[in-house]
Amino acid sequence: MDKKNYKYRDASPDPRVALKVGKPPGTLIYTGAKKEKTPVISAIQFKEDKVFEFAANTIEEIKTQLQPELVTWINIDGINDPKMLNDVGKEFQLENLSLEDIMNTESRPKFEEFDSYIFVILKDMHCPNDGIFDMEQISLVLKENLLITFQEEPGDVFDGVRARIRAGTSKIRTRGVDYLAYALMDAIIDNYIIITETFDHYLDDLEDLLYATTHRRQLTKIKEAKKHYNTLKRVVHPMKDVVYNIYRTEHKLITKRTHIYTRDLYDHVTSIDDTILQSRDKVYGLMGIYQSGTNNIMNNIMKTLTIVSAIFMALSLIAGIYGMNFKHMPELESPYGYYVTLGIMFVVALGLIIYFRFKKWL
Amino acid sequence: MDKKNYKYRDASPDPRVALKVGKPPGTLIYTGAKKEKTPVISAIQFKEDKVFEFAANTIEEIKTQLQPELVTWINIDGINDPKMLNDVGKEFQLENLSLEDIMNTESRPKFEEFDSYIFVILKDMHCPNDGIFDMEQISLVLKENLLITFQEEPGDVFDGVRARIRAGTSKIRTRGVDYLAYALMDAIIDNYIIITETFDHYLDDLEDLLYATTHRRQLTKIKEAKKHYNTLKRVVHPMKDVVYNIYRTEHKLITKRTHIYTRDLYDHVTSIDDTILQSRDKVYGLMGIYQSGTNNIMNNIMKTLTIVSAIFMALSLIAGIYGMNFKHMPELESPYGYYVTLGIMFVVALGLIIYFRFKKWL
Amino acid sequence: MDKKNYKYRDASPDPRVALKVGKPPGTLIYTGAKKEKTPVISAIQFKEDKVFEFAANTIEEIKTQLQPELVTWINIDGINDPKMLNDVGKEFQLENLSLEDIMNTESRPKFEEFDSYIFVILKDMHCPNDGIFDMEQISLVLKENLLITFQEEPGDVFDGVRARIRAGTSKIRTRGVDYLAYALMDAIIDNYIIITETFDHYLDDLEDLLYATTHRRQLTKIKEAKKHYNTLKRVVHPMKDVVYNIYRTEHKLITKRTHIYTRDLYDHVTSIDDTILQSRDKVYGLMGIYQSGTNNIMNNIMKTLTIVSAIFMALSLIAGIYGMNFKHMPELESPYGYYVTLGIMFVVALGLIIYFRFKKWL
Amino acid sequence: MDKKNYKYRDASPDPRVALKVGKPPGTLIYTGAKKEKTPVISAIQFKEDKVFEFAANTIEEIKTQLQPELVTWINIDGINDPKMLNDVGKEFQLENLSLEDIMNTESRPKFEEFDSYIFVILKDMHCPNDGIFDMEQISLVLKENLLITFQEEPGDVFDGVRARIRAGTSKIRTRGVDYLAYALMDAIIDNYIIITETFDHYLDDLEDLLYATTHRRQLTKIKEAKKHYNTLKRVVHPMKDVVYNIYRTEHKLITKRTHIYTRDLYDHVTSIDDTILQSRDKVYGLMGIYQSGTNNIMNNIMKTLTIVSAIFMALSLIAGIYGMNFKHMPELESPYGYYVTLGIMFVVALGLIIYFRFKKWL
Amino acid sequence: MDKKNYKYRDASPDPRVALKVGKPPGTLIYTGAKKEKTPVISAIQFKEDKVFEFAANTIEEIKTQLQPELVTWINIDGINDPKMLNDVGKEFQLENLSLEDIMNTESRPKFEEFDSYIFVILKDMHCPNDGIFDMEQISLVLKENLLITFQEEPGDVFDGVRARIRAGTSKIRTRGVDYLAYALMDAIIDNYIIITETFDHYLDDLEDLLYATTHRRQLTKIKEAKKHYNTLKRVVHPMKDVVYNIYRTEHKLITKRTHIYTRDLYDHVTSIDDTILQSRDKVYGLMGIYQSGTNNIMNNIMKTLTIVSAIFMALSLIAGIYGMNFKHMPELESPYGYYVTLGIMFVVALGLIIYFRFKKWL
């Protein structure tokens, strides 16, 4: 690529975005990294005193086994199959637009109320070993006594909740489906607390590093920190709106008993947002710290130059003086003149070094 | 031009602005780049099971062929003919102000409700090969069972929708005229997703370039990026308001069924706005990256100067010492003195180079 | 003035402000640059099919000639005569505070509703040849079928509207007095479009100038740009509020028919505000561009210094070596030694120049 | 103080704040600079056609002389006597919290409505000769037909109003007690117009000074400007809220006739706030101007160094060449060689000076 | 730790956060620094004319001694015992979520209304001798005639209120339980006034220090100031919301008589917030002051270098000239040439020093 004539038209956007653009609205296109695997549909049904679990490949199979009087949670792992989603949509009377949002992994977090269901999109964030944020889109459809969740891949974020349902010791079994939805969202949002706090601590460490040493290589770290900050901000910011709407909604599907829990959810997401705001100040202060380091290095270089120049110029002047060709220069005749001069040079050099050390330049 | 005495009064605004200013309100003046061609009026009428298309040069010709019971979309390519627009206005009872806005290509995006119609101005943005944003003003008039659209030139942004109407496979044929209007606006806004994402990626590349190399020529790129950012912001910002108003309106012409689609539209435009906000931070950080590069260059120059000075001054001092005219300097008498001295010089130079390399200055 | 001990108490505010402060509220004091001339009162009365115009020095003279059934526009040029204003106030039942605001040329733009009239203050801005903003306060009093306007001096901003009334071709004659008020305000605001756009273009040119060359003299331009930006902002910002209030008011004097025009007015003033916001970013970026220029100059100076030092030090070392007094230095004996040495010096100098050119320092 | 280990815990807050903290709420403690003098209570009673004035040391003395049917203004100079304030509070049924606020000179400006009175705290600001802001707390209690004002010391801010009451020429005598309260607040706020405008002009002068010359001493001025800006902002900001609440209140004690005056008050305080916002931009731009000056100085130093080095190095090289000990150097033999060489040196030095002047470095 | 490859995933968040994350909501986990001590429950009951105090280790013990008709304040020191908290919750019908918040010392300050109680979390801040902020979470549960407070450790913030209850001289004994809650919150918030004012004064001192001297060591102080600012902001910001909600609530447990005190509370917290905002500007200006100091040092170094170079180069040139080997150089023959030359050198050096002093470089 010829960097000189590089134009922004040469920059290409995320191909997943391009995939979606220009299609008629409501078209079901899976924009995630395509995986060949078949989606797995699993269901958990529970009441205070019983739990049933079963899995299947089609929604019909699930349908036949459901017992109507229990709280039902259907989880769908894998959202790359338009046909299956269509079936789900038809079976549970979901709007086409909702199905489209479920498949489009580039959707923003959103909260939408319909007459018969509440639709929520959240992003689950992990931070695996390679230090790059990994995001998965989680969609929740809350209906009367039924919760349907959609995941891109069989994730572990829901495992804790599943274990609690099975164990039956926590209060989750005694509450309705809206509390279940809350518990799942709480699990997702708890993840963000870890991630944002960790990121904020990382920025503290990066600041320390920049205060301690300055190297051009560290610019890469600053660049990356900015990028990660942007990623975090773009996910958390709309999520705050979503949770606020969940807290504010008066939809009949959210019982008053669960409502006080959503207030807690909102508290958490507000706290996350605070952390991110704080990170912002840090991220945008990094360059300043780096530059103060660069200036410091410059000052040290200049000091070195000045010291070197002062010492050598002084000694050279002495040598220059005794290199003059005057007929009458008594020192030149003396047998010790040379040694005395070398001695004087040594004393001058030493004196200058002491002087600069005294001035704290060395 | 004498740059020294250049005053802002010498800067002239866009002549298209000047053209419009000072005229009585409601005057129909076409402010776009005047094209000599005659406007082309085309109409599409459809129902679930039929589509009719026809074109003409005057609105009367169109009028005579319309079948009242069908959904009607009249598209007018070319808005430089005041007389034709006047006819359209009279035929469909449009306010004079709306006609003025249609012709004035400098209008801001706007949404206006009237008793009998909804009036929307949007900007369609392309990014052709020469890398300069190209904008076209699109006006939509939504009436009972009738949509009139105005374009500056026969564009391709509506072609996708037209194709879908003809094909009859998508749901567009089964919905009313408000859904048609939504589909067209969706096509326009989808374009922005591409453009803003591309621009944001371009900024990432530009950041990388600035981190990697620093050259005064890159200031031009920074300047251009700022300019493009400004153009984008000025178009998208009011567009967000427009779409918000479309989403919020309770005008009878927007059915409840289409309303949930406008929510989607608003989500898209919000996401576009997020991208632009992110671009802003990047654009305004470019100068800082450039300057850190400049500082770095400065440090390298100073290091070079210091190294050069230290080495040559040290060697010159040695030469100066043996240039002194003392009677008694034993080294001078030695037959190898000269060679030994040259050798010492070489060793000193080498030592200094090793020293500076050790200090990572080289 | 001794700059060292200069305190802000030595800075004196605008004498026109001082004139007003501490006086009892409602005192009529003309704070503009006092002109000795007598105010001129002129009236235009019109209906769809007739226009009457007449002028006078007192409001009574005017009063006697008015025909009650026509739309009446009384324009008062010159507001430095408290007695005359008092007469006007008494004649048309204006509040004392309104009269005070009319005379106080330091008033902020404002919109006030009273039971029997609407009171608006706007600032008309010109940008004459000497490149300094010139501002004039325009007050409008809108009453039933009567508009009174107050100008500081016989301006040309209303001339266009006057011509349109006389010509009778535009729709202004067919509408009421509220449309007339709108037309006048539109004329004033159109002026701002020109001025803000021109100023923004000027800033673009200034940016280009700063990117191209850096000179301390340009700081004056930056300083002036800031000042002009401040002036513009302080006028336009409250004007936006005023126009918004005009658009929002439900006062009976503004008919529904005119209301849709005020929406247009608001669109214009919003667009002006956008331009100013954009100018802000430019104004505050100027210093950064200037400083990047300064840094660039610094780098070039340092490069020059390094190149000069490297070349001369190298050549001096060679000369120094052959200035040593060793007994045994074979080169010194050679008859061509001197010329060869000069040649070597030339080659070394050339080599360094080529080296620095290769490193793009030259 | 050992600066190195200085911690913020060593910084002590204003002792007046410490005085107040930790006391039970409602405790009457005078936090101002304690003065030994006895408070002076004075009263003015007036009607359209009469004025009575009298003073006393206790509220009882005043009480006995009051004539119930007149508009009454009681002014209390000196608020350091809790007993007296308690008497006032009991006499006029004031809340304990209000009394506490009156005595606590660190109170924020506030507006509080009670059933039977309106309570306002404002700060009166002077700028005496030593150039340091001097602030005095003014409290107003507006009751039915009675206004009580509290001042820290016998100030002159109310003198103008007092004079107008005595003179009886202005409309103040014909209006009620709420207009009197307005007139007093107007007097206080008018002071701010002067102070903020003066401060803003001072900043302009300071900018000019920084553009013209750069000296480390000027950092003190920048520091002081910031401090003064902070003081101003902290007082004016809450005052805007107070005045807005006065304008918005529907308390029965504010008549509709006075209400339109409070709108004027709000206009003034908004304009003051605008000036302060503008000052903010200036204050925070000062450092940038200073630094551009520092950079400019640096460039000039570097230019000097480069010029000095270039000239001396060039001449030294010439001298070095003719200091070489080659046997065969024809120039050395010439009787004019020395003079010619000196001449060449002179020409080279002159040439370099001309060259650098040509490059505008000199 | 290899700094080069350090990734943010290596940064670990506060272990107390990690402790809480992923647990089912409502789980009682104490996240504070675990202390082994048993919680101490103490109760104060009072009426206008009597006070009873008693302490115990279990809530049952307390319960038995309570006299129902008195105002009751139960204070619980130590919140690390889930069982005890569970008992309290059951005894007084508290929601599980509230109990969880009480134990989770990482909770944000919050205000929550329930049908039968009001729940408030505040942070009490101390600034002990080692200059590091120390925070303690205080929870208040306000019920009918009963206040329960939870502290992490037996603190002194409530001691003043306790003393006032015992003394019976202040009005606290005559008011209800809501006034008691107000008094406690007032005590907490008063602490913040001291802390924020002290911090702001510390920043002033730090600014002065930076203006006076520049040393890389001071970067640590800047870093710490930022950190402390962040801590303060994160606590005070949500506290402002809490107090605003307390002021705005219409819950029946807050009597109208106490309501006017909460307005005062809000005034205090607003003033604290103002101080923090002001601190923000100072904190973010520190780096600029530091850098202007660095630039100043750079200028001084460059001046030194230039002076040193100019003097030595000039003297060396003179020595070089008389080191030339021209046959005919009359000065060399003179017996005083050497001394005269040394004299000239001395004069030149002196002259340059005077010149640079005159230019204020020395």
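Residues numbered from 1 in each chain as written. Chains lettered and ligands numbered in written order. Predicted model: local features only at pLDDT ≥ 70, side-chain atom pairs only at ≥ 80, totals over all residues.

For the rest of this paragraph, the subject is the overall build of chain A. Along the backbone of chain A there are 10 helices and 7 strands. A total of 362 residues make up chain A; the buried ones form 43% of that total. In chain A, of all internal contacts separated by at least 6 residues, the share reaching a separation of at least 24 is 69%. (Helix = DSSP H or I, 4+ residues; strand = E, 2+ residues; numbered from the N terminus. Buried ≥ 20, exposed ≤ 12 C-beta atoms within 10 Å, placed from the backbone. Contact = placed C-beta atoms within 7 Å.)

This part covers unusual backbone geometry. Residue and element names in this part refer to chain C. Positioned with a positive phi, asparagine 145 is a non-glycine residue whose angle comes to about 60 degrees. Summarising the element assignment, asparagine 145 is placed in the loop between β6 (134-143) and β7 (146-151). Take asparagine 145: there are 14 C-beta atoms within 10 Å of it, and that puts it in the partly exposed class.

So, on to the environment of glycine 320 of chain B. The residue glycine 320 of chain B is located in helix α8 (residues 256-321) in this model. The exposure class of glycine 320 of chain B is buried, given the 30 C-beta atoms found within 10 Å. What glycine 320 of chain B contacts, discounting residues up to four positions off in sequence, is Ser316, Ala319, Gly320 and Gly323 of chain A together with Gly320 of chain C.

For the rest of this paragraph, the subject is the pairing of strand β1 (residues 40-47) of chain D. All names here are of chain D. Pairing of β1 with strand β3 (residues 71-77) involves 7 bridges; the strand directions are antiparallel. Bridge assignment links serine 42 to a residue of β3, and that residue is asparagine 75. Pairing between β1 and strand β2 (residues 50-56): 7 bridges, direction antiparallel. Bridging across to β2, lysine 47 finds its partner in lysine 50. Between β1 and β2, which follow one another and run antiparallel, lie 2 residues. (Pairing = 2+ DSSP bridges.)

A separate point is the nonpolar core. If you look at the biggest cluster of nonpolar residues, it comprises 85 residues, and the most contacted ones within it are Leu317 of chain A, Ala314 and Leu317 of chain B, Leu317 of chain C, Leu317 of chain D together with Leu317 of chain E. Looking at this core, the elements that each hand over two or more residues are α8 (256-321) of chain A, α8 of chain B, α8 (256-321) of chain C, α8 (256-321) of chain D together with α8 (256-321) of chain E. Ignoring any residue separated from it by four or fewer positions in sequence, one finds alanine 314 of chain B in contact with Phe312 of chain A together with Val348 and Leu352 of chain B. (Core = buried A, V, L, I, M, F, W, Y, C linked by C-beta atoms within 7 Å.)

Time to look at the interface of chain B and chain C. Each side of the interface is counted separately: chain B has 52 residues, and chain C has 55 residues. Looking at the side of chain B that touches chain C, the elements with two or more residues in it are α1 (15-20), β4 (110-113), α7 (218-248), α8, α9 (330-333) and α10 (337-358) of chain B. If one sorts the elements of the side of chain B that touches chain C by residue count, α8 of chain B sits on top with 17 residues. Along the lines of polarity and charge, the residues of the side of chain B that touches chain C split into 26 nonpolar, 14 polar and 12 charged. (Nonpolar A, V, L, I, M, F, W, Y, C, P; charged D, E, K, R; others polar.)

Residue and element names in this part refer to chain B. Remark: helix α3 (residues 82-91) packs on helix α4 (residues 96-103), axes separated minimally by 10 Å, with the N-to-C direction vectors making an angle of 140 degrees. Pair α3 / α4 crosses with right-handed handedness. In this structure, α3 uses Pro82, Leu85 and Gly89 to contact α4, whose residues at the interface are Asn96, Leu99, Ile102 and Met103. A per-class count over the contact of α3 with α4 returns 5 nonpolar, 2 polar and no charged. (Axes fitted to C-alpha atoms, helices over the stretch in contact; angles between N-to-C directions. Left-handed = near helix turned anticlockwise from the far one by under 90°.)

Sheets are built from strands that pair by backbone hydrogen bonding, the pairs being arranged parallel or antiparallel. All names here are of chain C. Within the open sheet, the 7 strands sit side by side as β2-β1-β3-β7-β6-β5-β4. Their pairing is mixed. Every interior strand has two partners, whereas the edge strands, β2 (50-56) and β4 (110-113), have only one. Pairwise comparison of adjacent strand axes, ignoring direction, gives a mean angle of 15 degrees for this sheet. Of the pairings in the sheet, the one linking strand β5 (residues 118-126) to β6 comprises 9 bridges and is antiparallel in character. In the strand pairing of β6, valine 120 is matched with leucine 140. Against the sheet, helix α6 (residues 177-212) makes contact with β3 (71-77), β5, β6 and β7, and its axis sits at roughly 30 degrees relative to β5, the strand it touches most.

Parsing chain A into structural domains produces domain 1 (24-292) and domain 2 (300-358). Distance from the C-alpha centre of domain 1 of chain A to the C-alpha centre of domain 2 of chain A: 75 Å. (Domains from an automatic or database assignment.)

With that settled, the discussion passes to the sheet that holds strand β1 (residues 40-47) of chain A. Residues and elements named next belong to chain A. With respect to topology, 7 strands assemble into an open sheet ordered β2-β1-β3-β7-β6-β5-β4, the strand pairing being mixed. With partners counted over all chains shown, the strands left at the sheet margins are β2 (50-56) and β4 (110-113), one partner each. When the angles between neighbouring strand axes are averaged without regard to direction, this sheet yields 15 degrees. By the bridge criterion, 6 bridges tie strand β3 (residues 71-77) to strand β7 (residues 146-151) in an arrangement that is parallel. Note that in β7 the partner of aspartate 77 across the bridge is glutamine 151. Together, β3, β5 (118-126), β6 (134-143) and β7 form the strand contacts of helix α6 (residues 177-212), whose direction differs from that of β5 by roughly 30 degrees.

Residues and elements named next belong to chain A. Following both chains from N to C, one finds α6 and α8 inclined at 15 degrees, their axes separated by 9 Å at the closest point. The angle between the axes of α6 and α8 places the two elements in the roughly parallel class. Crossing of α6 against α8: the hand is left-handed. A class-by-class count of the residues in the contact of α6 with α8 yields 20 nonpolar, 8 polar and 6 charged. (Parallel < 35°, antiparallel > 145°, perpendicular 65-115°, else oblique.)

Once turned by 72 degrees and shifted 0.1 Å along the axis, chain B lies on chain A with an RMSD of 0.1 Å. Viewed as a symmetry operation, the transformation between the two copies matches a five-fold axis. Considering only C-alpha atoms, the residue of chain B closest to the rotation axis is glycine 323 of chain B, which sits at 4.8 Å. Comparing interface residues between copies, only 14% of those in chain B also lie at the interface in chain A; the contact surfaces differ. (Least-squares fit on C-alpha atoms with pLDDT ≥ 70 in both.)

Now for the interface of chain B and chain A. Contacts between chain B and chain A engage 56 residues on the former and 52 residues on the latter. Those elements giving two or more residues to the side of chain B that touches chain A turn out to be α5 (159-167), α6 (177-212) and α8 of chain B. Tallying contributions element by element places α8 of chain B first for the side of chain B that touches chain A, with 27 residues. Classifying every residue of the side of chain B that touches chain A by side-chain character gives 22 nonpolar, 21 polar and 13 charged.

Turning our attention to the relation of the copies chain B and chain C. Each copy superposes on the other: chain B lies on chain C with an RMSD of 0.1 Å after a rotation of 72 degrees and an axial shift of 0.1 Å. Here only 15% of the interface residues in chain B have copies in chain C that are interface residues too; the copies meet through unlike faces.

This paragraph deals with α10 of chain B. All names here are of chain B. Compared with the 32 Å implied by 1.5 Å per residue over 22 residues, the 31 Å span of α10 between its first and last C-alpha is a close match. Of the positions making up α10, those classed as buried are Gly337, Tyr338 and Thr341. Considered in projection along α10, the buried side chains sweep an arc of 100 degrees and stay on one side of the axis. Those residues of α10 that are exposed and aimed more than 90 degrees away from the buried face are Val340, Gly343, Phe346, Val347, Leu350, Ile354, Arg357 and Phe358. Structurally, α10 contributes buried residues whose contacts are with α8 and α9. Remark: lysine 360 follows α10 within two positions and exhibits a positive phi of approximately 65 degrees. (Expected span 1.5 Å × (residues − 1). Arc of directions from axis to C-beta.)

Turning to helix α6 (residues 177-212) of chain E, a few remarks are in order. Helix length check: α6 of chain E, at 36 residues, gives a terminal C-alpha distance of 53 Å against a target of 52 Å (1.5 Å per residue), a fit within 8%. Burial runs high along α6 of chain E: 26 of the 36 residues are buried.

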